[in-house]
Amino acid sequence: PELQSTGTAFFISDSILVTNQHVVADAKKITVTIGGAETDVRLLVADSDIDLAVLQIAETAPEPLSCFALDDADNAPAGTKIFAAGFPFTQILSSDPKTFQISAALQPGNSGGPVFNEIGQLVGVAVSGLKFGQNVNFAIKPAYLKVLLEGADIQAQCNKPLPTGVGSPEGFEQTLALVGNYQ
């Protein structure tokens, strides 16, 4: 198979990652790169209606990694300061039922990456943006991820959660993986 596209995923347990369904759509092979090492993953569940996919590494990640604890995941009210996979602070603009609009800068490769608040709590999954707007981007609310995991009976126990607390979250880069879609 040949590499067709890439995106971002983030850990919610030692071996389970979340990304967007469109990042892994129609893949014959899916890999993640963590700390420069590429490893195969398998697709556990995907839902095109909410554009989420859950992946599992065949083995536990090679180095101790942090993960986002879903216990802390919550919908962010309008005006919450957020980060999107390491891009600068910005403000949430508005809400709708499944996604919410953010003004954090997103690039095409950010699809599937975490959106988190200033104390390190997951508040969404980066999904898309408008080409004709300036920093008009969208994230999927974590409640939809929780429903997808529960419906597929996937237990995601985060043994090394990203530290949360006042101030900018440190170590978020240890929760990320580059996703490769081979077709």
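The structure contained in this document is the topic of the report that follows. Per chain, residue numbering runs from 1 following the sequence as it is written. With the structure being a predicted model, the display of local features is reserved for residues of pLDDT at least 70 and the display and counting of side-chain atom pairs for 80 or more, all residues being used for whole-chain, interface and lining totals. Side-chain measures here rest on the full set of heavy atoms in the structure, leaving out hydrogens and waters.

1. Overview of the side chain of Thr19
Thinking step 1. By the element assignment, Thr19 lies in strand β2 (residues 16-19).
Thinking step 2. Distance and chemistry together define a polar contact, namely a pair of N or O atoms within 3.5 Å, with one atom able to donate a hydrogen and the other to accept it when in protein, and with adjacent residues in sequence counting only for side-chain atoms on both sides. Separated by 2.7 Å, the side chain of Thr19 and the backbone oxygen of Thr8 make a polar contact.
Thinking step 3. It only takes one pair of heavy atoms within 4.5 Å for two residues to be counted as in contact. Residues within four places of Thr19 in sequence aside, it is in contact with Thr8, Ala9, Val24, Asp51, Leu52, Ala53, Leu55, Ser111, Gly112 and Val179. Secondary structure follows DSSP: runs of H or I at least 4 residues long count as helices, runs of E at least 2 residues long count as strands, and numbering of each begins at the N terminus.

2. Looking at the environment of Thr6
Thinking step 1. Note on placement: Thr6 falls in strand β1 (residues 3-11).
Thinking step 2. The rule is simple: take the accessible area with a 1.4 Å probe, protein chains only, and divide by the maximum for that residue type; under 20% is buried, over 50% is exposed, in between is partly exposed. Look at Thr6 and you get partly exposed, because its relative accessible area is 40%.
Thinking step 3. For Thr6 and Thr31, which are 25 residues apart along the polypeptide, the C-alpha to C-alpha distance reads 9.5 Å.
Thinking step 4. Excluding anything up to four places from it in sequence, Thr6 contacts Val23, Leu178, Val179 and Gly180.

3. Some points on the pairing of strand β3 (residues 29-34)
Thinking step 1. When DSSP finds two or more bridges between two strands, those strands count as paired. Two strands pair when backbone bridges link them, and β3 and strand β12 (residues 176-182) are joined in this way by five bridges, in the antiparallel orientation. Residue pairing in the sheet places Thr33 in a bridge with Leu178 of β12.
Thinking step 2. Relative to strand β4 (residues 37-47), β3 runs antiparallel, the two being bridged by five bridges. In the strand pairing of β4, Thr31 is matched with Asp40.
Thinking step 3. If you look at the hairpin formed by β3 and β4, you'll find two residues sitting between the two strands, and Gly35 has a positive phi there, around 55 degrees.

4. A few points about unusual backbone geometry
Thinking step 1. The residue Asp26 is not glycine, and still its phi comes out positive at about 60 degrees.
Thinking step 2. Tracing the sequence through the fold places Asp26 in the loop between α1 (21-24) and β3.
Thinking step 3. One non-glycine residue, Asp153, lies in positive phi territory at about 55 degrees.
Thinking step 4. Residue position: Asp153 is located in the loop between α2 (142-151) and β12.

5. Section: the pattern of salt bridges
Two side chains carrying opposite charge are able to pair once their charged atoms lie near each other.
Thinking step 1. Within this document, salt bridges are pairs made up of a side-chain nitrogen of Lys or Arg and a carboxyl oxygen of Asp or Glu, the two lying within 4 Å of each other. Inspection of the entire model under this criterion finds one salt bridge.
Thinking step 2. Among the ionic pairs, Lys29 bridges to Asp40, the shortest N-O distance being 3.9 Å. Taken together, the positions of Lys29 in strand β3 and Asp40 in strand β4 put the pair eleven residues apart, joining distant regions of the chain.
Thinking step 3. Residue classification places Asp40 among the partly exposed residues on the basis of a relative accessible area of 43%.

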